[in-house]
Amino acid sequence: MPRLIKRKTTSETGEAEEQEVLAGFMGRPVFRVEDTEGEPLDYEQLELPELPLMERAREWGLSVKPVPGNYHYHGYFSQDKREIGLASKDEAVFFHELAHAAHTLLVGDLRTVPPWEKEVVAELAAAALCRIVGKESQYLGTGYQYIKHYADKEGLSPVKACLKVISQTVAVLTAILQEPPSPARECEQVSPYVSVQRAEGHFAPEQAAI
């Protein structure tokens, strides 16, 4: 399909105008894969292994399913659909999305958390979980760049960004690793993050569905 961009120009009378200019062509999906027929796609045949801490996702009522990936992401967490989608068998990808789910339990609605903050928390928690369960992820080497990407948007160094969210990360790890799993109000007893966020008005009054 055509890729049109808006460009400011000056008319013959000297007035500023905005015109749409053809900048090239790009691909865009037209049909959902669910609306097509044919042989099974590669990702539909992907079988996820029994990843460490998978039982925690089940205890929280989350479905974990394989999805098609691309260069933008290897997985996702959907608060509204109560699901984790994975395009990779790597533990770090699952841990990152599981951390988002735990973060949601703590704050009620993850959409109230600034993007840089929730992404740094999830990536830092995923790296910690890999070490805790004794796994070495192929993505650990890119974790720094991932955190740096979001830290730069906030004008922070990667180290400072991690330090700013360390209490949130501890609370997320506690929610994931504690036995048995406790509701958000019990996590508050071990998490200074929850009380601080509530004081700042970021804590939702009611726990939203994951």
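What you are looking at is a predicted structure, and each value in this text was computed from that prediction instead of being measured. Every chain begins its residue count from 1, and numbering advances along the sequence as written. Predicted model: local features are reported for residues with pLDDT of at least 70 only, side-chain atom pairs are reported and counted for 80 or more only, and whole-chain, interface and lining totals are derived from all residues. As a convention, hydrogens and water are excluded, and side-chain values are obtained from all of the structure's heavy atoms.

> Explain helix α6 (residues 166-177) here, please?
Residues three or four positions apart in an α-helix share a direction because the helix packs 3.6 residues into each turn. Helix numbers and strand numbers start at the N terminus; a helix is a DSSP run of H or I with at least 4 residues, a strand a run of E with at least 2. Multiplying 1.5 Å by the helix residue count minus one yields the expected span of that helix. With twelve residues, α6 should cover 16 Å at 1.5 Å per step; its first-to-last C-alpha distance of 16 Å lies within 8% of that length. Only protein chains enter the calculation, and the probe is 1.4 Å; a residue is then buried if its accessible area is under 20% of its type maximum, exposed if over 50%, and partly exposed in between. Among all positions of α6, only Gln168, Thr169, Ala171, Val172, Leu173, Ala175 and Ile176 are buried.

> Can you help me understand the packing of helix α2 (residues 91-107) against α6 in this one?
How two helices sit against one another is set out by the angle between their axes and by the gap between those axes. Working convention: axes come from line fits to C-alpha atoms, limited for helices to the stretch in contact. Angles between N-to-C directions cover 0 to 180 degrees. Following both chains from N to C, one finds α2 and α6 inclined at 100°, their axes separated by 9 Å at the closest point. When the axis of α2 is compared with that of α6, the two are roughly perpendicular. Two secondary-structure elements touch here, α2 through Leu98, Ala99, Ala102, His103 and Leu106 and α6 through Ala171, Val172, Ala175 and Ile176. Polar here means any residue other than Ala, Val, Leu, Ile, Met, Phe, Trp, Tyr, Cys and Pro, which are nonpolar, and Asp, Glu, Lys and Arg, which are charged; Gly is therefore polar. Its residues assigned to classes, the contact of α2 with α6 comprises eight nonpolar, one polar and no charged. Orientation labels follow simple angle bins: below 35 degrees gives roughly parallel, above 145 gives roughly antiparallel, 65 to 115 gives roughly perpendicular, and whatever is left gives oblique. Contact definition: two residues touch when any of their heavy atoms are within 4.5 Å.

> Sorry, what's going on with unusual backbone geometry here?
Trans peptide bonds make up the majority, and among non-glycine residues the majority have a negative phi. Of note in this structure, leucine 53 is not a glycine but carries a positive phi near 70°. Following the sequence through the fold, leucine 53 ends up in the loop between β2 (16-25) and α1 (54-59). Classification of leucine 53 by relative accessible area gives buried; the value is 11%. One non-glycine residue, arginine 82, adopts positive backbone phi at about 55°. Structurally, arginine 82 is set in the loop between β4 (75-78) and β5 (83-86).

> What's the story with the pattern of salt bridges in this structure? I'm lost.
Side-chain pairs of opposite charge can arise whenever the charged atoms involved come near each other. Salt bridges are identified by distance alone: a Lys or Arg side-chain nitrogen within 4 Å of an Asp or Glu carboxyl oxygen. Summed over the entire model, instances satisfying the criterion amount to six salt bridges. A salt bridge links arginine 56 to glutamate 59, with the shortest nitrogen-to-oxygen separation between them at 2.2 Å. Of this pair, arginine 56 and glutamate 59 both sit in helix α1, three residues apart, which is roughly one turn of that helix. Linking aspartate 80 and arginine 111 is a salt bridge whose minimum nitrogen-to-oxygen distance equals 3.0 Å. One end of the pair, aspartate 80, is in the loop between β4 and β5; the other, arginine 111, is in the loop between α2 and α3 (115-133), with 31 residues separating them in the sequence. Each member of the pair aspartate 80 and arginine 111 is classed as exposed. One salt-bridge network, held together by shared partners, links Asp80, Asp109 and Arg111.

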